[in-house]
Amino acid sequence: MAVIATLLVLLFARDISRAGHGATSPRLSENESFAALGNVMIGQENDLDTRLAYLLDHGQSLSRQVFAARLAQLQQQLPVLQTEASRLRRPLLKHRINDTIAQLTEQRVDDYQFLLSAVAAGLSMPWSTPSNVTPGLSVAAAQASLLSTNQQWNLARRGLLLEPGHVTLLATSSAMAHLDFAATMSRLSQSPSLTLTRGIGITAVSVSPAPLPAPTGEILLPPTGLIHLGVSVSNASYATQPVTLTIVLSPVGRAGVVQRQSMSVTLRPLSSYGFVPKILRIAASEHATLTLSLAGAQSGPNMVRSRRYSVVVSPSGNG
């Protein structure tokens, strides 16, 4: 009987050991896989945090285009971090560390998104802020949130230390949380290469029917009753720029109808746009003044915002 009892105890212990080994092995694999993926994501976020702080500290020598491009590159990484954080939610691990890392990452992505938008706005750079950014957020609140989530994660990241695999995840960095944002933006806004200098101008004018040879400032047309115009306008600054083009054709030396048209458009940075006004009416042998004026910003280097032409239409030749 004693021998039988001993055998039963040994068999029971063996079964418990096997069951325990079977339970530990999947948990070990899950914990280690989670740690590997989580550390990659945290490493990417830390890289973003460090690069953004470095850009703001050393960006004074960059041009507006290069600075904006680097901001955009950082912004493009944020949706990737959100996606990776969401994938880490399953399978659910001990202490719900999956949910913790996902929630904290989503909050930090929101904070980074706001800070990037604040930098772009402070330098009057073209920027598109996603609609899901927390409304009413401020720079101070975003930095406080980064610091708070950093502290929360530093407590939570050791949650698997006593579990199978004994893994500890990386800490999050806090360069942006401790950055003197106001002083940094003040330095950047005073940089000559980053300062916004708005400039627009009329760069080309086309006339149909094709004008005849004439002195500068005069448009000599064959006998016609209609004038087709095309006006090219350029934005020489790295900023979104609304402009309005006004065209006025006024008869000279006789009573007549003044023809006026206004057209507006928002130009992208360093881009051009071609305005096509409605047809202007004019008669043979008529003299008129054509004025093109552009409103919206000061003229850029070697650019003009207004042009004035004397329009002369040749006689019809009849009679």
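Report follows, based on the coordinates. Remember, it's a predicted structure, so these values are computed and weren't measured experimentally.

The rules behind these values
- Residues numbered from 1 in each chain as written.
- Predicted model: local features only at pLDDT ≥ 70, side-chain atom pairs only at ≥ 80, totals over all residues.
- Heavy atoms only, no water.
- Pairing = 2+ DSSP bridges.
- Helix = DSSP H or I, 4+ residues; strand = E, 2+ residues; numbered from the N terminus.
- Core = buried A, V, L, I, M, F, W, Y, C linked by side-chain atoms within 4.5 Å.
- Buried < 20%, exposed > 50% of the residue type's maximum accessible area, 1.4 Å probe, protein only.
- Contact = heavy atoms within 4.5 Å.
- Axes fitted to C-alpha atoms, helices over the stretch in contact; angles between N-to-C directions.
- Expected span 1.5 Å × (residues − 1).
- Arc of directions from axis to C-beta.

1. Quick notes on the pairing of strand β9 (residues 306–313)
Part 1 of the reasoning: Pairing of strand β2 (residues 218–221) with β9 involves four bridges; the strand directions are parallel. Its bridge partner lying in β9, Leu221 is registered against Val313.
Part 2 of the reasoning: For strand β8 (residues 287–295) and β9, the ladder comprises seven bridges, and the chain directions are antiparallel. Each residue of the ladder has a partner; that of Thr291, found in β9, is Arg308.

2. Focus on the nonpolar core
Part 1 of the reasoning: Counting 47 residues, the largest nonpolar core has Leu56, Phe67 and Met176 as the members making the most contacts within it.
Part 2 of the reasoning: Excluding its chain neighbours within four sequence positions, the residues that come into contact with Met176 are Asp49, Leu52, Ala53, Leu56, Tyr112, Leu115, Gln143 and Leu146.
Part 3 of the reasoning: One finds Ile202, Ile247, Met263 and Ile282 within the second-largest nonpolar core, a separate group that totals 27 residues.

3. Observations regarding the sheet that holds strand β4 (residues 241–251)
Part 1 of the reasoning: If you walk across this open sheet you meet the five strands as β2-β9-β8-β4-β5, and the pairing is mixed. Each of the sheet's edge strands pairs with one partner strand only, and the pair in question is β2 and β5 (259–267). Sheet twist, expressed as the average angle between the axes of neighbouring strands with direction ignored, equals 20°.
Part 2 of the reasoning: As defined by bridge partners, β4 adjoins β8 across eight bridges and the pair is classed as antiparallel. The partner of Pro251 across the bridge, within β8, is Ala288.

4. Details of helix α4 (residues 139–156)
Part 1 of the reasoning: Over its 18 residues, α4 runs 26 Å from end to end, which matches the ideal 26 Å to within 8%, given 1.5 Å per residue.
Part 2 of the reasoning: Among all positions in α4, only Ala142, Gln143, Ser145, Leu146, Thr149, Asn150 and Trp153 are buried. All buried residues of α4 project into a common sector of 155° when viewed along the axis, lining one side. α4 presents Ala140 and Leu155 as exposed residues on the side facing more than 90 degrees away from its buried surface.

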